[in-house]
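Listed here are the chains, written in short residue letters.
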Amino acid sequence: MSASTQRGNIADALAVFGEVKEHEPLARHTSLRIGGPADYLVSPRTVRTIPGLLACARSLGIPVTILGNGTNLLVRDGGVEGMVLRLARCNSITAIGPDTLVAESGVPFPRLVRDAARRSLTGLEFAAGIPGTVGGAVRMNAGAHGGELANVLECIDMVTLHGDILTLPVERLGMGYRKSSFPEGVVMSAVFSLRPGDPQEIRKVTEANLEKRDRTQPVLTPNAGSFFKNPEGDYAARLIEEAGCKEWEEGDAVVSGRHANFIVNTGKASAHDVETLANRVRDRVMQKFGIELEREVRVIGREKKA
Ligand SMILES: Cc1cc2nc3c(=O)[nH]c(=O)nc-3n(C[C@H](O)[C@H](O)[C@H](O)COP(=O)(O)OP(=O)(O)OC[C@H]3O[C@@H](n4cnc5c(N)ncnc54)[C@H](O)[C@@H]3O)c2cc1C
């Protein structure tokens, strides 16, 4: 069987579960606007099809990568092997009690924040402006302004890459600062436990948080949020700035002049440019302060062949 026939067969098998795009550039699906092609980008029609889709990928022997809104990802220039699962169509929000919302994993987090505010539910204001999806926020334990997802999450439904369907309470997700440690797999939905609040107060706090972002972050230039995690008791941005790395460049990748922990794509930066720049920054901070910065942004995919 020729390679192209084999690829066609794989695409046909995956298409039973949703839309399939072959060789889809992931630069179209990441906030940095960087990333080589996915062999197969698959968008399931509903969460119910996800277990079957993962079983299909296992039987085809292709690797699986999960994409939320691509706002915490650096996808390498050689793209991603196998199936990249995009959950944008799995996007319903349902109230299952006066203070409890269930959101499917593809719900954009800003929409969930607005939805909760409309229902006068408090607890999610910290997340105003975090541009990912519910699934990505769970995996990353997204947080800001002293709040984090773990404080409002009750449990998730997920399917592991081996096919086990699990309901896991937040205590079993191993959530810490911008990390989680539950089994590899797809978060299908998450249950949020909120509290009744004063609508005016919710609006005031949300607007203040959004205003602070606009003032301090390079919101108009493609980026992936904070590139490095804050080391214990300090701020990555402070260390990077004091190490003199602000506005360092590598191709079109630049350390933002507005917020030193943001690397921005000012034009046609490659993933290689961003990785090289990030490594230079990390090395400089290590040299100057003896502190090793850990990446918050996740790097996936293969290097581009020369
Ligand atoms: C301008 C800007 C500001 C930001 N501000 C913040 C901030 O204040 N606080 C903060 O915490 N983050 C921030 N971020 C980073 C990012 O938005 C968060 O980490 C977000 O939660 C990532 O969600 P995503 O859907 O984009 O995930 P992606 O970037 O697509 O993926 C991130 C990780 O989650 C996994 N994942 C995604 N969906 C699922 C799923 N359904 N099941 C299992 N795994 C999944 C992916 O495989 C990957 O490992 C910011 C980013 C930008 C661009």
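None of the values given here were measured: they were computed from a predicted structure. (Residues numbered from 1 in each chain as written. Predicted model: local features only at pLDDT ≥ 70, side-chain atom pairs only at ≥ 80, totals over all residues.)

A. Local environment of the overall build of the protein chain. Broken down by element type, the protein chain carries 7 helices and 18 strands. Relative to a compact globule of 306 residues, whose C-alpha radius of gyration would be 19 Å, the protein chain shows 20 Å and is just as compact. Along the first, second and third principal axes, the C-alpha atoms of the protein chain reach 60 × 55 × 30 Å. Of all 306 residues assigned to the protein chain, the portion counted as buried reaches 43%. Sequence separation of at least 24 residues holds for 66% of the intrachain contacts in the protein chain that already meet a minimum separation of 6. (Helix = DSSP H or I, 4+ residues; strand = E, 2+ residues; numbered from the N terminus. Rg over C-alpha atoms; globule rule 2.2 N^0.38 Å. Buried ≥ 20, exposed ≤ 12 C-beta atoms within 10 Å, placed from the backbone. Contact = placed C-beta atoms within 7 Å.)

B. Expanded view of the domain arrangement of the protein chain. According to the domain assignment, the protein chain consists of domain 1 (3-86), domain 2 (93-215) and domain 3 (218-300). Centre-to-centre, using C-alpha coordinates, domain 2 lies 26 Å away from domain 3. (Domains from an automatic or database assignment.)

C. Seen up close, the sheet that holds strand β7 (residues 100-104). Read across the sheet, 5 strands follow the order β6-β7-β13-β11-β12 without closing on themselves; strand pairing throughout is antiparallel. The open sheet is flanked by β6 (93-97) and β12 (165-169), the only strands paired with a single partner. Ignoring strand direction, the axes of neighbouring strands in this sheet form an average angle of 20 degrees. Strand direction decides the pairing type here: strand β11 (residues 153-160) and strand β13 (residues 185-193), joined by 7 bridges, are antiparallel. Counted as the bridge partner of Leu153 is Phe192 from β13. (Pairing = 2+ DSSP bridges. Axes fitted to C-alpha atoms, helices over the stretch in contact; angles between N-to-C directions.)

D. Representation of the site of the ligand. Taken together, 31 residues form the shell around the ligand, and within it Gly68, Gly132, Gly135, Gly136 and Gly225 come nearest. Of all the secondary-structure elements, those providing two or more residues to the shell around the ligand are β3 (64-67), α4 (134-140), β9 (143-144) and β13. In terms of residues, the shell around the ligand owes the most to one element, α4, which gives 5 residues. Across the shell around the ligand, the residue classes tally to 13 nonpolar, 15 polar and 3 charged. (Near = placed C-beta within 6 Å. Nonpolar A, V, L, I, M, F, W, Y, C, P; charged D, E, K, R; others polar.)

E. Up close: the pairing of β12. Counting buried positions along β12 yields 0 of 5 residues, so the element is predominantly exposed. Note that β11 and β12 share 5 bridges and pair antiparallel. Paired with Ile156 across the bridge in β12 is Leu168.

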